[in-house]
Amino acid sequence: EAGVAQSPRYKIIEKRQSVAFWCNPISGHATLYWYQQILGQGPKLLIQFQNNGVVDDSQLPKDRFSAERLKGVDSTLKIQPAKLEDSAVYLCASSFTVDTEAFFGQGTRLTVV
Amino acid sequence: AQTVTQSQPEMSVQEAETVTLSCTYDTSESDYYLFWYKQPPSRQMILVIRQEAYKQQNATENRFSVNFQKAAKSFSLKISDSQLGDAAMYFCAYRSSYSGGGADGLTFGKGTHLIIQP
């Protein structure tokens with residue numbers, strides 16, 4: 001069974017530029033999560049989707065971050081414009097449905113300079 | 001809001017020995033789940049063990065076991081017969097029990113870096 005796929009693995013951008021990350025969840029998984037992991041900290045939930053609807057985006061900085069999950073499968077997370085403090089690993093996870101085990105991808109390491 | 005605290009930034013253990021990683025949490029909920037995740041340098045979070053709060057029996061998975069003390073809000077991980085492959089960051093995580101709204105994201109601690117000495 002293929003795991004959660006994320007791309008790119010690494011991205012370096014200058015502050016004020018925009019960037020997008022892509023996630024392909026495990027086939028058949030209805031629930032998709034995006035987490036931000038700043039160096040030296042645990043992951044923090046940014047947004048949770050159930051199919052193509054948002055379940056929780058209470059910790060998403062909506063002035064610069066946006067996410068979508070068209071057709072309830074792949075998802076993209078966008079930052080525009082990026083700030084230095086957005087440097088982090090962005091992890092995507094998926095689960096069959098709510099209240100089931102979540103499987104994580106390998107993340108995208110973003111460096112903002 | 002729930003919080004998870006891991007007070008040991010780094011732990012070191014000799015290969016084949018036993019090590020215990022500590023975790024405390026704060027919540028006003030009575031029903032929830034607790035997890036230990038392993039994160040190797042590849043960055044992929046791997047589930048090690050899971051505990052349901054309503055279960056009194058401590059969870060075990062091969063060499064991994066937990067000591068769940070609900071009243072004390074403590075959830076420690078014991079790794080027996082440590083192996084070189086156990087070296088990684090370990091994160092304790094909390095999740096509310098299923099709510100009608102469906103929000104079930106994880107709240108993580110800051111992690112403990114586990115070093116295995118050969």
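Just above sits the structure.
Residues numbered from 1 in each chain as written. Chains lettered and ligands numbered in written order. Predicted model: local features only at pLDDT ≥ 70, side-chain atom pairs only at ≥ 80, totals over all residues. Heavy atoms only, no water.

Asks: Even after reading the chapter, I still don't get the overall build of chain B, so can you show me in this structure?
Replies: On a plain count of helices and strands, chain B comes out with zero helices and 12 strands. Secondary structure of chain B in N-to-C order comes out as β-β-β-β-β-β-β-β-β-β-β-β. Long-range contacts, defined as pairs at least 24 residues apart, comprise 57% of the intrachain contacts of chain B with a sequence gap of at least 6. Approximately 5,700 Å² of chain B is accessible, and the part contributed by carbon and sulfur atoms is 46%. Both charge centroids of chain B, one from 10 positive and one from 11 negative side chains, sit 4 Å from each other. (Helix = DSSP H or I, 4+ residues; strand = E, 2+ residues; numbered from the N terminus. Contact = heavy atoms within 4.5 Å. Areas by Shrake-Rupley, 256 points an atom, 1.4 Å probe, with all protein chains shown as cover. Lys, Arg positive; Asp, Glu negative; His and termini not counted. Charge placed at Lys NZ, Arg CZ, Asp CG, Glu CD.)

Asks: What is the right way to read the overall build of chain A from this model?
Replies: For chain A, the count of helices and strands is zero helices and 11 strands. Ordered by position from the N terminus, the helices and strands of chain A form the series β-β-β-β-β-β-β-β-β-β-β. Rg of the C-alpha trace for chain A: 13 Å, near the compact-globule value of 13 Å for 113 residues, within the 12% margin. A buried classification covers 45% of the 113 residues belonging to chain A. Pairs at least 24 residues apart make up 53% of the contacts formed inside chain A by residues separated by at least 6 positions. (Rg over C-alpha atoms; globule rule 2.2 N^0.38 Å. Buried < 20%, exposed > 50% of the residue type's maximum accessible area, 1.4 Å probe, protein only.)

Asks: What's the story with the sheet that holds strand β1 (residues 5-7) of chain A in this structure? I'm lost.
Replies: Strand pairing in a sheet relies on backbone hydrogen bonds. The paired strands run either parallel or antiparallel. Residue and element names in this part refer to chain A. Pairing is antiparallel in the open sheet, where four strands are placed in the order β1-β3-β8-β7. Looking along the sheet, the strands with just one partner apiece sit at the ends: β1 and β7 (65-68). Along the sheet, successive strands turn relative to each other by an average axial angle of 15 degrees, direction set aside. Where β1 lies against strand β3 (residues 19-24), three bridges are found, and the strand directions are antiparallel. Pairing of Gln6 across the sheet is with Cys23, part of β3. (Pairing = 2+ DSSP bridges. Axes fitted to C-alpha atoms, helices over the stretch in contact; angles between N-to-C directions.)

Asks: I tried to follow the pairing of strand β6 (residues 53-56) of chain A on my own but got confused; where do I start?
Replies: The side chains of a regular strand alternate, first on one face of the sheet and then on the other. Residue and element names in this part refer to chain A. The sheet contact formed by strand β5 (residues 44-50) and β6 spans three bridges and is antiparallel. In the sheet register, Gln48 faces β6, and the bridge partner there is Asp56. Following β5, the chain reverses through two residues before pairing antiparallel with β6; Asn51 in that reversal takes a positive phi of roughly 55 degrees.

Asks: Before we go on, may I ask you to explain the interface of chain A and chain B in this structure?
Replies: Size of an interface: often given as the accessible area lost when the parts come together. Listed by partner, the interface residues are 26 residues for chain A and 20 residues for chain B. Interface area for chain A against chain B, summed over the two sides, is near 1,900 Å², with a carbon-plus-sulfur share of 48%. Its largest share of buried area at the contact with chain B, chain A owes to Asp99(A), Phe104(A) and Gln106(A), together 31% of the area lost on that side. In this structure, the connection of chain A to chain B is made through nine residue pairs in polar contact (both at pLDDT 80 or more). (Buried area = accessible area lost by both parts, 1.4 Å probe. Polar contact = N/O pair within 3.5 Å; in protein donor to acceptor, adjacent residues only side chain to side chain.)

Asks: I keep staring at the nonpolar core and nothing clicks. Help me out?
Replies: Within soluble globular proteins, side chains that are nonpolar tend to cluster in buried spots. Counting 25 residues, the largest nonpolar core has Tyr25(B), Trp36(B), Phe75(B), Leu77(B), Tyr90(B) and Leu114(B) as its most contacted members. Mapped by element, the contributors of at least two residues to this core are β3 (19-21), β5 (32-39), β6 (46-52), β8 (64-69), β9 (74-79), β10 (88-96) and β12 (112-117) of chain B. Contacts of Tyr90(B), omitting those with residues within four sequence positions, involve Gln6(B), Leu21(B), Trp36(B), Tyr37(B), Lys38(B), Val48(B), Phe64(B), Leu77(B), Ile79(B), Gly111(B), Thr112(B) and Leu114(B). The next biggest cluster of nonpolar side chains, apart from the first, holds 21 residues, and it includes Val19(A), Cys23(A), Leu46(A) and Phe49(A). (Core = buried A, V, L, I, M, F, W, Y, C linked by side-chain atoms within 4.5 Å.)

Asks: I tried to follow unusual backbone geometry on my own but got confused; where do I start?
Replies: Glycine aside, the phi torsion of most residues is negative, and most peptide linkages are trans. For the bond running from Ser7(A) to Pro8(A), omega is -10 degrees, close enough to zero to count as cis. Residues Gln80(A) and Pro81(A) are joined by a peptide bond in cis, for which omega reads -5 degrees. With a phi close to 80 degrees, Arg16(A) is a non-glycine residue in the positive phi region. Relative to the helices and strands, Arg16(A) resides in the loop between β2 (10-13) and β3. Positive phi outside glycine occurs at Ala16(B), with the angle close to 80 degrees.

Asks: Sorry, what's going on with the state of the cysteines here?
Replies: Covalent bonding between the sulfur atoms of two cysteines defines a disulfide. Residue and element names in this part refer to chain A. Throughout the structure, instances matching the rule amount to two disulfides over all chains. The disulfide partner of Cys23 is Cys92, and the gap between their sulfur atoms is 1.9 Å. The chirality of the disulfide connecting Cys23 with Cys92 is left-handed, given an S-S dihedral of about -70 degrees. Of this pair, Cys23 sits in strand β3 while Cys92 is found in strand β9 (residues 88-95), placing the two residues 69 residues apart along the sequence. (Disulfide = S-S within 2.5 Å.)

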